[in-house]
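One letter stands for each residue in the lines below.
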Amino acid sequence: MQKKKKNEDCFQERLWRHHDELRWLYMELYNNNDMFGELCSTMQSFYKERSASLKELDGKREKNPDWFRKNDMLGMMLYIDNFAGSLKGVKEHIDYLQSCNVNCIHLMPFLDSPKGRSDGGYAVANFRKVREDLGTMEDLQELSKECHRRDISLCMDFVMNHTSEEHEWAKRARNGEGEYMSRYFFFDNYDVPAQYEKTVPQVFPTTAPGNFTWIPEVEHHVMTTFYPYQWDLNYRNPRVFNEMMYNFLFLANQGMDVIRIDAVPYIWKELGTNCRNLPKVHSIVRMMRMISEVVCPGVILLGEVVMEPEKVTPYFGTVEKPECHMLYNVTTMATTWNSVATRDVRLLKKQMDIVNRLPKEYTFLNYLRCHDDIGWGLDYPTLKEWGMKEVPHKKFLNEYFTGRTQGSISRGELYNEDLVTGDARFCGTTASMCGIESAGFEQNPEKMEEAIAFAIMLHAYMLTQSGIPMLYSGDEIGQVNDYTYKEDSEKREDSRYIHRGKFPWKLTENIKDAKTVQGKLFPALSKLALLRKEEMVFAGEANVWTLETRNDSVLGIGRRMGEELLIAVFNFHDRTQEIGLLTEEVLVGGKFQNLITGESVDLTKPVVLEGHSFLWAKRRK
Ligand code: GLC
């Protein structure tokens, strides 16, 4: 009785903390008291339904809000079916994930989604049902329990911008039911869509041109920013907002620790704008943050904002009114690959300086590759100052990475090549982009050694950045591009499937054989992850800055945590480079130790780095 009372107090106390601001934002958007009342009482029901163990975790995390910023945090994203067939299969393979030092698993979309019209699971037909071939909600809860037992957190996608055309609401809208049509954007003629088309860019210009789809059953056009079978939700309708928040809370209650809000910049539409990053998007994300802090404060919001840097950081909100806890470091990712192709780290240094100057509360999720294509969202004004123009530069990058440039070791394919604008994005795995695929094809051991060293260097660099690193499943064993998607009529058109291949379990058998690619790569990455976990200098609160290396092909990063100092340098050139690190830190720093080999290094002398190699040097005590 006592405990029950305490539990309810907890909800009320949290609700009152946020009530005024939540109500204010809600009324500003919807001016609907009844619906606000419904929202609050349904939040309370979700709180009541939340399990005791999750509530306990919430409590712990409220006391330790930096829990997800620790330097032992290492994520991995994976497709359940590719990796282990089903949710039960993932549970059976947790040991393997732990052997990769992973303690946060991002399960790629697994909710009910129509086969062949699913956009890799990003077209959800039922937010409360797991895709049948992958398992059930109970399996998800079991997986979550097992993960929590092992101190692993689970991340899933919440696709809130749209539903599948097979979602109950869409089916009823297609049937002509006004109540459901109002949950999407329907137009009985093309006048308004035509106006939208003037200002709204295209996400998939080749695979899904246009932003509207004709629905013959109701003789209306419906807004479909992504694929024609992904119908955009109308957040002007409070019913949509409330129901989607209930879906969010339902999923949080299954034991999720991180909720990735998919395509968040798109959720609010306004005629005459580009329908991206509109101010109301921020009101919605802020409300979502408060709702989760009231019902499930242990849950972290990870925003997917694939935009230019100045558009990304506003999604953190402010320190007083935070929105997302974490955001993808997308510009740094794209700029990293730009440095790979150009062998020039200047733009990367500039980009990292921007990130490093941001408040420490802003946590970025760093990654080399994810399930999506790489869009070349670079700082073109700066490149222009250096004489590079956007269109030809993108062309250069795409030719380099598809392996068409003389001497390029990378392999992969273009994505959504827009023949009108000449724009294209790129798809491929880290291993293929680093040369593991081409060296394997040529059976060239020397090139293979170089390619492996390259992949290791890039991972070391990613682990040195400030923020949380996320691996892409398969990268730890050098998984190369999978071209079989072309034989599948449902996937053929979407080259992102080139890096969404089945996990090659057979290759994991090589991990202990030092002669193999896996035997070289896996232990090396493992060592990096362990060092990152053990060395205080990798702590989330550490100061991180870039160093002057006096060599445009070598990136230098400094990290300081209390007395500890790390000087890290990464050679983005395939040839040996010499650098001079006569910075203040080094001169006063004294003796350093190579963290990988244990040898001492004298940084006051020029440092020689072989092609695509790196150095992690920690100041000796
Ligand atoms: C996100 C996903 C992408 C998907 C899109 C539409 O950008 O990462 O894979 O196609 O949303 O839902």
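Residues numbered from 1 in each chain as written. Predicted model: local features only at pLDDT ≥ 70, side-chain atom pairs only at ≥ 80, totals over all residues. Heavy atoms only, no water.

Caption draft 1: Representation of the site of the ligand. Surveying the vicinity of the ligand reveals the residues D119, Y122, H162, F204, F226, Q230, R260, D262, E304, H371, D372 and R496. The contact in question runs from an oxygen atom of the ligand to an N or O atom on the side chain of D119, over 2.6 Å. The separation between an oxygen atom of the ligand and a polar side-chain atom of D372 is 2.4 Å. Burial of the ligand by the protein amounts to 94% of the accessible area it has alone, namely 310 Å². (Near = heavy atom within 4 Å. Polar contact = N/O pair within 3.5 Å; in protein donor to acceptor, adjacent residues only side chain to side chain. Areas by Shrake-Rupley, 256 points an atom, 1.4 Å probe, with all protein chains shown as cover.)

Caption draft 2: A look at the packing of helix α14 (residues 330–342) against helix α20 (residues 445–464). Look at α14 against α20: their axes get within 12 Å of each other, and the N-to-C directions meet at 145 degrees. The two elements α14 and α20 cross, and the hand of that crossing is right-handed. On α20, the residues that touch T332, T336, W337 and V340 of α14 are F454, L458 and Y461. Here the residues of the contact of α14 with α20 sort into five nonpolar, two polar and no charged. (Axes fitted to C-alpha atoms, helices over the stretch in contact; angles between N-to-C directions. Helix = DSSP H or I, 4+ residues; strand = E, 2+ residues; numbered from the N terminus. Left-handed = near helix turned anticlockwise from the far one by under 90°. Contact = heavy atoms within 4.5 Å. Nonpolar A, V, L, I, M, F, W, Y, C, P; charged D, E, K, R; others polar.)

Caption draft 3: Looking closely at the sheet that holds strand β17 (residues 468–472). Read once around its circumference, the closed barrel built from eight strands follows the order β1-β2-β5-β11-β12-β13-β14-β17, with strand pairing classed as parallel. Going across the sheet, the axis of each strand differs from the next one's by a mean of 25 degrees, ignoring polarity. As paired strands, strand β1 (residues 75–78) and β17 are joined by three bridges and run parallel to one another. In the strand pairing of β17, G75 is matched with M470. (Pairing = 2+ DSSP bridges.)

Caption draft 4: Up close: the nonpolar core. Counting 193 residues, the largest nonpolar core has L107, Y235, W337, F570 and W616 as the members making the most contacts within it. It is α20 that provides the largest number of residues to this core, a total of 12 residues. With sequence-adjacent residues up to four places away left out, Y235 is seen in contact with Y30, M160, V240, F241, M244, I267, W268 and I284. Counting residues in hydrophobic clusters, the runner-up holds 14 residues, among them I567, I579, L581 and V607. (Core = buried A, V, L, I, M, F, W, Y, C linked by side-chain atoms within 4.5 Å. Buried < 20%, exposed > 50% of the residue type's maximum accessible area, 1.4 Å probe, protein only.)

Caption draft 5: Up close: the pattern of salt bridges. A complete count under the given rule lists 54 salt bridges for this structure. A salt bridge links K60 to E56, with the nearest nitrogen and oxygen atoms 4.0 Å apart. With a gap of four residues between them, K60 and E56 both fall in helix α3 (residues 52–63), about one helical turn apart. Among the charged side chains, a salt-bridge network with shared partners connects D119, D372, D494, R496 and R500. (Salt bridge = Lys/Arg side-chain N within 4 Å of Asp/Glu carboxyl O.)

Caption draft 6: Region of interest: the sheet that holds strand β19 (residues 554–561). Here six strands make up an open sheet; going across it, the order is β18-β19-β20-β25-β22-β23 and the pairing antiparallel. Pairing within the sheet leaves two strands with one partner each, and these edge strands are β18 (543–547) and β23 (600–601). Pairing between β18 and β19: five bridges, direction antiparallel. Bridged to L547 within β19 is G556.

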